[in-house]
Amino acid sequence: MTDSKYFTTTKKGEIFELKAELNSDKKEKKKEAVKKVIASMTVGKDVSALFPDVVNCMQTDNLELKKLVYLYLMNYAKSQPDMAIMAVNTFVKDCEDPNPLIRALAVRTMGCIRVDKITEYLCEPLRKCLKDEDPYVRKTAAVCVAKLHDINAQLVEDQGFLDTLKDLISDSNPMVVANAVAALSEIAESHPNSNLLDLNPQSINKLLTALNECTEWGQIFILDCLANYTPRDDRESQSICERVTPRLSHANSAVVLSAVKVLMKFMEMLPKDLDYYGTLLKKLAPPLVTLLSAEPELQYVALRNINLIVQKRPEILKHEMKVFFVKYNDPIYVKLEKLDIMIRLASQANIAQVLAELKEYATEVDVDFVRKAVRAIGRCAIKVEQSAERCVSTLLDLIQTKVNYVVQEAIVVIKDIFRKYPNKYESVIATLCENLDSLDEPEARAAMIWIVGEYAERIDNADELLESFLEGFHDESTQVQLQLLTAIVKLFLKKPTETQELVQQVLSLATQDSDNPDLRDRGYIYWRLLSTDPVAAKEVVLAEKPLISEETDLIEPTLLEELICHIGTLASVYHKPPSAFVEGSRGVQHKRIPIQSSESQDTGGAPGATEAPAAVIPSQGDLLGDLLNLDLTPPTSTAGAPPGPPMPMGGMDLLGGGLDSLVGGGGSLLTPLSLLWLPAMKGKGLEIMGTFARRAGVIQMEMTLTNKAMSVMTDFAIQFNRNSFGLAPAGPLQVPTPLSPNQTIDVSLPLNNGGPVMKMEPLNNLQVAVKNNIDVFYFSCQYPISMLFVEDGKMDRQVFLATWKDIPNENEAQFQINDCHLNSDAASNKLQGSNVFTIAKRTVEGQDMLYQSMKLTNGICVLTELRVQTGSPTYTVSDRHTHALWVMIPARAGV
Amino acid sequence: MIGGLFIYNHKGEVLISRVYRDDIGRNAVDAFRVNVIHARQQVRSPVTNIARTSFFHVKRSNIWLAAVTKQNVNAAMVFEFLYKMCDVMTAYFSKISEENIKNNFVLIYELLDEILDFGYPQNSESGALKTFITQQGIKSQHHSKDEQSQITSQVTGQIGWRREGIKYRRNELFLDVLESVNLLMSPQGQVLSAHVSGRVVMKSYLSGMPECKFGMNDKIVIDKQQGKGATSDDSAKSGKQSIAIDDCTFHQCVRLSKFDSERSISFIPPDGDYELMRYRTTKDIILPFRVIPLVREVGRTKLEVKVVIKSNFKASLLAQKIEVRIPTPLNTSGVQVICMKGKAKYKASDNAIVWKIKRMAGMKESQISAEIELLPTNEKKKWTRPPISMNFEVPFAPSGLKVRYLKVFESKLNYSDHDVIKWVRYIGRSGIYETRC
């Protein structure tokens, strides 16, 4: 009973003592010793030295001891593969044991030992266990196939285990079915196109039957698997929905959420005028509300999902506002999520209640929560026009509290309210102006300055107010500086007589004394406008502003659709597609909601088409979120498939400056030198040098980040704009943060070409946004086209010939490279290093002709003919390519 | 799927670590300790992503349970599993504490090996687990072949929650309707939100494999029955007695498809304690108490508080364990309380006046008044008044739920429904019962 004693010993020489005890004749002593070993292992001590001694204890009829030894084996077998072989015999023997519990234990453990030699021995016992008479052994063996597949996928396929696993879907025991489904689903994820699960109406029927009988966990596996199926028509869709809805009453929240996922997805296929569609909508609300009485952690998961569901189908929960009211004792993460949903559900019908609540929240303790509540009031004003007046007066009340962050937050939202309802609430400006001095956050300062500039004609002392900001102009953040510049120009245009001096002052501050190019440019533009044509200046600066839209923070529709397909999972908690946080091939497949069958298309339209997110108010911080979310989303049209055909582009010569590097000769470096991409001046202290490289078939963006600012930097993230080859980060930017002042680090970001495609000018231009805790920075850089040459670009000789002939002449381009002193062989070798493959060579009239092929990541092949005049430093290149696209040669291949 | 499961004490020392997937390394154990347990800030989310690894955690007293994964797992399932894990541990060694975990670490590893396979949750019903994972550890070897196959078929079978061959001399059933009534009321007495979350908890000591059927005054069922031939007069009369259930969820033993189609609750019960169903109602709730607060600020250093509570149920019933918490500002220096009934005390550590009344009958009223002296502060921020909260227990179901029947059928054994002794009890407790002031 008092196993805790095993945790205490920590003397030296302990290992020797244990060794002696393990080899003791007494069974009890042995067992004690193994327990001690396991305890040491748990706390992280290295007890691998005891491997042979522990394995010796394996041959025992004491089940508890055996389990302990197995536990040890699972941990250390990998580090001692040769010794682990010693255990094989016992495993194989145990797999034949008359006791099903022992057979299962053996096969379960064996699958966890990731040693190649052992896996070979595992095949036979596993085959037997998959057909064992006992369901307990079969359900364990089913999972074991997934384990084995994780170690050696080829072996599993060769041994035919996948077929056996498929057969288990028809097993009589529901738990075996559930585990087989789980194993198959996992294996199928790493083989996106294998059709392993082979879901068809018959197999779906089997799954639905098992659904009623298996454990709660099994139900989750089955529902998650069902969600991947696409019904053939609305009738099948309805019948599946009917059989899944009872799950909504399950006590296990995960079963409920997975059922919701299936229903949300399949509902899309039902015609909206169908009675059943309405019934289903009604059935979804109560279980979702019930999830909110679960434990807080589950509430959090539920709320994150409800946030998605509300965006997709607001009608489901529109009458349930009250359940999202925040309770005093809710954990902060639940409070923040509830608040988000409250705003989404706010409507004219319930706005009074919502506002009363929000006002209550604005007096709470947690700063983040209070800020969000204040911001929410502003969003309500913008969303529900009738409530705007009440919202404004509530905000004014809050400003009266003089709580610093409340005031600042309120001013930021009032600015948005002014924009939404011009010439309505300006009477409050006086109150706002009283709080000028307490504003210390850039966003609030910028908002206030905007207000002063915009309504300069109504504020008597506008010039004084703005002048007061001007004193510390250089210490302000860019946001404030830009706003101040604009505000003063507005003021000048409105009251030209008394503010001439002020405007001159700000223009000179912005243009002459500032290092910030954005600020300088804006300053010059104003300056020129004002000096050349004041009337035009007025028209430009005081132009009517477009109205802002009411919905904010909406998730971009394609991402939303994908997330709906991931209800209940981590992706739905993070609100990010799995590819954003899962490594490797798993989960990178993008899921889509099936589209309604054609006959009822006209009633429904494409999913998400009705929601027009339009312009979004760039609210603090969220703008960034939006930007990131937006760009993270892959285009659904190309989901799962390789990037679609590139759009046709005119012939274009990529050679450009690339020639020089070709001519450069000498160096065998395939990576171009690092260039300064983001100067520290522009990056608020963040300097980025960078280059591209192709390593092991992966394009790497290699950057050197230097913090030249005085404060630490954290929260790095990166995004690319659409680009010609759909390059996108394959993972998040891995910067070990914080990056302290004067620290330099090198990061390598793997890229893939699964991103959205848009032709760039020049073609290899890449626009990048890097974010950190300070700001978002934009820069563009150019990648060498040779990075895109894939390793398997070598063409067969015959194919090359045929292709060369097939390509029409207009796809051919010719140019010369001068000053290259390599002979043809050396050139060929060098090019090979950049995945430019020489197919053939011939010599005609003293000219070496090299025929080469290369393939781009998007599947385009380029064939070149390289003529080298012996003794002459001039190369002539003609190339033809499969698409009427670009003429290119390995411009920066560094020959 | 779940890649690993760790249990830590409050200091962040790891007590149990079990890794299921190759992508989870030892460094994950430390990452969670450093980033979550030792983080100075309050935890802002139960899901944390550290270096592409996701950590799910729950806390039980001062023990942290963390599940780790690198994949896009079903997050709801992971949390449900962690709760289940806690249930199983509680079933084996009652309290989850550092001492108990250390004392039972071998058992925990054995359990973890059984209930999670390659990160996939397997049967985790403690009833079933106890038949072959025992603290003695050796029992399973002495099982006969029949017993072995009985175990395996139970663990994997359709009725994984009950074993065959259970026998009792006295077939008995205890049924508790436990409700918690939640209220948020404005200072003016307006109900902002109110709901009852109820549970039907059973203890069954029945022989064999009995088939049970449970009936209550569910509006949908009653209306349906009345539709069959009763007059409209009847339905108006019983309309009062039936209640509208917003939503309910059931123990996995209940046949959900049958509930969905016929709205009847039928099941083969687990043996011993279990929770049959949970439900939620929002309509026609009987709010057992009404709190009427009155707070007056007298100058900057004094507050006067008067709170009246009114009981709102049959005069013949008694409420128990009544406790009213009136929050006081942080800068309170002294409190004087006068109450008509019960005892009231100022608890400086809780920043509240706690007023306790042992018993109170229905349709009564009681009052407390307090004078709170405040220390002068120069803090700009006004004291934000937290709501007044209340605790109590009443011997009825505030939702109005009534058990109509619980029938037991066991065709193979020779006992019938009326041989079973059945006990029913209703308890209404306060959930979050708050009145703003």
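Higher on the page you've got the structure.
Our subject in this report is the structure included herewith. Because the structure is a prediction, the values reported are computed rather than measured.

### Digging into the overall build of chain A
- Scanning chain A from N- to C-terminus turns up 37 helices and 13 strands.
- Expressed as a percentage of its 895 residues, the buried residues of chain A come to 58%.
- For chain A, long-range pairs separated by at least 24 residues make up 67% of all intrachain contacts whose partners lie at least 6 apart in sequence.
- Split by element, the accessible area of chain A, about 36,200 Å² in all, is 50% carbon and sulfur.

### Re the overall build of chain B
- From N to C terminus, chain B includes nine helices and 23 strands.
- In chain B, buried positions account for 55% of the 437 residues.
- Restricting the contact set of chain B to residue pairs at least 6 apart, pairs at least 24 apart contribute 70%.
- Put simply, chain B shows about 19,600 Å² of open surface, and 49% of that area lies on carbon and sulfur atoms.
- Within chain B, one finds 65 positive and 45 negative side-chain charges whose respective centroids are separated by 6 Å.

### Let's talk about the packing of helix α8 (residues 116–130) of chain A against helix α9 (residues 135–151) of chain A
Residue and element names in this part refer to chain A.
- Running from N to C, α8 and α9 cross one another at 150 degrees; their axes reach a closest spacing of 10 Å. Between α8 and α9, the angle falls in the class roughly antiparallel. At the point where α8 passes α9, the crossing takes the left-handed sense. Between α8 and α9, the residues in contact are Asp116, Thr119, Leu122, Leu126, Cys129 and Leu130 and Val137, Arg138, Ala141, Ala142, Cys144, Val145, Leu148 and Ile151, respectively.
- A per-class count over the contact of α8 with α9 returns eleven nonpolar, one polar and two charged.

### Comments concerning the interface of chain B and chain A
- If you look at the interface, chain B gives 95 residues, while chain A gives 115 residues.
- Roughly 8,800 Å² is buried in total at the junction of chain B and chain A, and carbon and sulfur atoms are behind 55% of that figure.
- Here chain B and chain A share 13 salt bridges between them.
- For Glu360(A), the salt bridge identified is with Arg436(B), shortest N-O distance 3.7 Å.
- Counting across the interface, chain B meets chain A through 44 residue pairs in polar contact (both at pLDDT 80 or more).
- In terms of residue count, helix α2 (residues 75–93) of chain B provides more of the side of chain B that touches chain A than any other element does, eight residues in total.

### Overview of unusual backbone geometry
Residues and elements named next belong to chain A.
- Of note in this structure, Lys402 is not a glycine but carries a positive phi near 65 degrees.
- Mapped onto the elements of the fold, Lys402 is located in the loop between α22 (388–400) and α23 (404–420).
- Exposure remark for Lys402: the relative accessible area of 37% places this residue in the partly exposed category.
- Backbone geometry at His575 places phi at a positive 60 degrees, although glycine is not the residue there.
- Note that His575 resides in the loop between α32 (570–574) and α33 (601–604).

### Re the nonpolar core
- Judged by nonpolar contacts, the single largest core of 285 residues is most densely connected at Tyr72(A), Leu126(A), Leu317(A), Phe418(A) and Phe56(B).
- When residues of this core are assigned to their parent elements, the largest contribution, 14 residues, is made by α2(B).
- Those residues in contact with Tyr72(A), other than ones at most four positions away along the chain, are Val37(A), Ile38(A), Met41(A), Val47(A), Ser48(A), Leu50(A), Phe51(A) and Val54(A).
- Core analysis: the next-biggest nonpolar cluster, separate from the first, contains 44 residues, Met703(A), Phe716(A), Ile718(A) and Leu850(A) among them.

### Considering a positive patch on the surface
- Positive charge collects at one region of the surface, where Lys343(B), Lys345(B), Lys347(B), Lys356(B), Lys358(B) and Arg359(B) lie side by side.
- Looking at Lys345(B), the relative accessible area reads 57%, which means it is exposed.

### Description of the sheet that holds strand β20 (residues 365–374) of chain B
Residue and element names in this part refer to chain B.
- The strand order β14-β15-β20-β17 describes an open sheet built from four strands, whose pairing is antiparallel. For this open sheet the edge positions go to β14 (289–298) and β17 (332–339), each flanked by a neighbour on one side alone. Between one strand and the next, the sheet's axes are offset by a mean angle of 15 degrees, whatever the strand orientation.
- In the sheet, strand β15 (residues 302–311) pairs with β20 via nine bridges, with the strands oriented antiparallel.

### Considerations on the pattern of salt bridges
- Under the defined criterion, the tally for this structure stands at 61 salt bridges over all chains.
- Between Glu304(B) and Arg296(B) there is a salt bridge, with its nearest N and O atoms 3.1 Å apart.
- Connected through shared salt-bridge partners, Arg371(A), Arg375(A), Glu409(A), Glu441(A) and Glu443(A) make up one network.

### Remarks on the sheet that holds strand β10 (residues 211–216) of chain B
Residues and elements named next belong to chain B.
- Pairing within the open sheet is antiparallel, and its three strands lie in the order β12-β10-β22. Edge positions in the sheet fall to β12 (265–267) and β22 (403–409), since each of these pairs with one other strand and no more. Between one strand and the next, the sheet's axes are offset by a mean angle of 15 degrees, whatever the strand orientation.
- Bridging between β10 and β12 involves three bridges; their strand directions are antiparallel. The partner of Lys213 across the bridge, within β12, is Ser266.

### Quick notes on a negative patch on the surface
All names here are of chain A.
- Residues Glu464, Glu467, Glu471 and Glu501 make up a contiguous surface patch of negative charge.
- Inspection of the secondary structure assignment puts Glu471 in the loop between α26 (462–470) and α27 (478–494).
- Here Glu471 falls in the exposed class, since its relative accessible area comes to 72%.

### Some points on the packing of aromatic side chains
- For the coordinates displayed, the defined rule picks out 30 aromatic pairs over all chains.
- With a centroid separation of 5.4 Å and 80 degrees between ring planes, the pair formed by Tyr300(A) and Tyr333(A) is classed as edge-to-face. Taken as a pair, Tyr300(A) in helix α18 (residues 296–312) and Tyr333(A) in helix α19 (residues 332–345) lie far apart in primary sequence, 33 residues in all.
- Measuring from ring centre to ring centre gives 5.5 Å for Phe313(B) and Phe396(B), while their planes differ by 50 degrees; the resulting arrangement is tilted. Remark: Phe396(B) occurs in the loop between β21 (388–394) and β22 and Phe313(B) occurs in the loop between β15 and β16 (318–327); sequence separation between them is 83 residues.
- Given a relative accessible area of 12%, Phe396(B) falls into the buried group.

### Observations regarding the side chain of Arg247(A)
- Tracing the chain through its elements places Arg247(A) in the loop between α15 (234–244) and α16 (253–267).
- No salt bridge is formed by the buried Arg247(A); the nearest opposite charge belongs to Asp260(B), separated by 9.0 Å.
- In this structure the side chain of Arg247(A) is engaged in a polar contact, spanning 2.7 Å, whose partner is the side chain of Asn212(A).
- With near-sequence residues (within four places) excluded, Arg247(A) lies in contact with Leu211(A), Asn212(A), Gln219(A), Leu223(A), Val255(A), Val256(A), Ala259(A) and Leu256(B).

### Section: the pairing of strand β3 (residues 698–707) of chain A
All names here are of chain A.
- The element β3 is extensively covered by neighbouring structure, given that eight of its ten residues are classed as buried.
- Pairing analysis gives ten bridges linking strand β2 (residues 686–695) to β3, with the strands arranged antiparallel. Residue pairing for β3: Arg694 is matched across the bridge by Ile699.
- As consecutive antiparallel partners, β2 and β3 are separated by two residues, and within that stretch Ala696 has a phi angle of approximately 50 degrees, a positive value.
- In the sheet, β3 pairs with strand β6 (residues 744–752) via eight bridges, with the strands oriented antiparallel. When the bridges of β6 are listed, Ile699 appears paired with Leu751.

### A word on helix α31 (residues 557–564) of chain A
- Counting buried positions over the eight residues of α31(A) gives six, a clear majority of the element.
- The complete set of buried residues in α31(A) reads Leu559(A), Leu560(A), Glu561(A), Glu562(A), Leu563(A) and Ile564(A).

### Let's talk about the side chain of Thr69(B)
- By secondary structure assignment, the location of Thr69(B) is in strand β5 (residues 63–69).
- The buried category is assigned to Thr69(B), whose relative accessible area is 1%.
- A distance of 3.0 Å separates the side chain of Thr69(B) from the backbone nitrogen of Gln71(B), its partner in a polar contact.
- Among all residues touching Thr69(B), those that are not within four sequence positions of it are Leu570(A), Met1(B), Ile2(B), Gly3(B), Ile24(B), Thr53(B), Ser54(B) and Phe56(B).

About the thresholds
Residues numbered from 1 in each chain as written. Chains lettered and ligands numbered in written order. Predicted model: local features only at pLDDT ≥ 70, side-chain atom pairs only at ≥ 80, totals over all residues. Heavy atoms only, no water. Helix = DSSP H or I, 4+ residues; strand = E, 2+ residues; numbered from the N terminus. Buried < 20%, exposed > 50% of the residue type's maximum accessible area, 1.4 Å probe, protein only. Contact = heavy atoms within 4.5 Å. Areas by Shrake-Rupley, 256 points an atom, 1.4 Å probe, with all protein chains shown as cover. Lys, Arg positive; Asp, Glu negative; His and termini not counted. Charge placed at Lys NZ, Arg CZ, Asp CG, Glu CD. Axes fitted to C-alpha atoms, helices over the stretch in contact; angles between N-to-C directions. Parallel < 35°, antiparallel > 145°, perpendicular 65-115°, else oblique. Left-handed = near helix turned anticlockwise from the far one by under 90°. Nonpolar A, V, L, I, M, F, W, Y, C, P; charged D, E, K, R; others polar. Buried area = accessible area lost by both parts, 1.4 Å probe. Salt bridge = Lys/Arg side-chain N within 4 Å of Asp/Glu carboxyl O. Polar contact = N/O pair within 3.5 Å; in protein donor to acceptor, adjacent residues only side chain to side chain. Core = buried A, V, L, I, M, F, W, Y, C linked by side-chain atoms within 4.5 Å. Patch = residues over 30% accessible without salt bridge, like charges linked within 9 Å, V, L, I, M, F, W, Y side chains within 5 Å. Pairing = 2+ DSSP bridges. Phe/Tyr/Trp six-rings, centres within 6.5 Å; stacked < 30°, edge-to-face > 60°.

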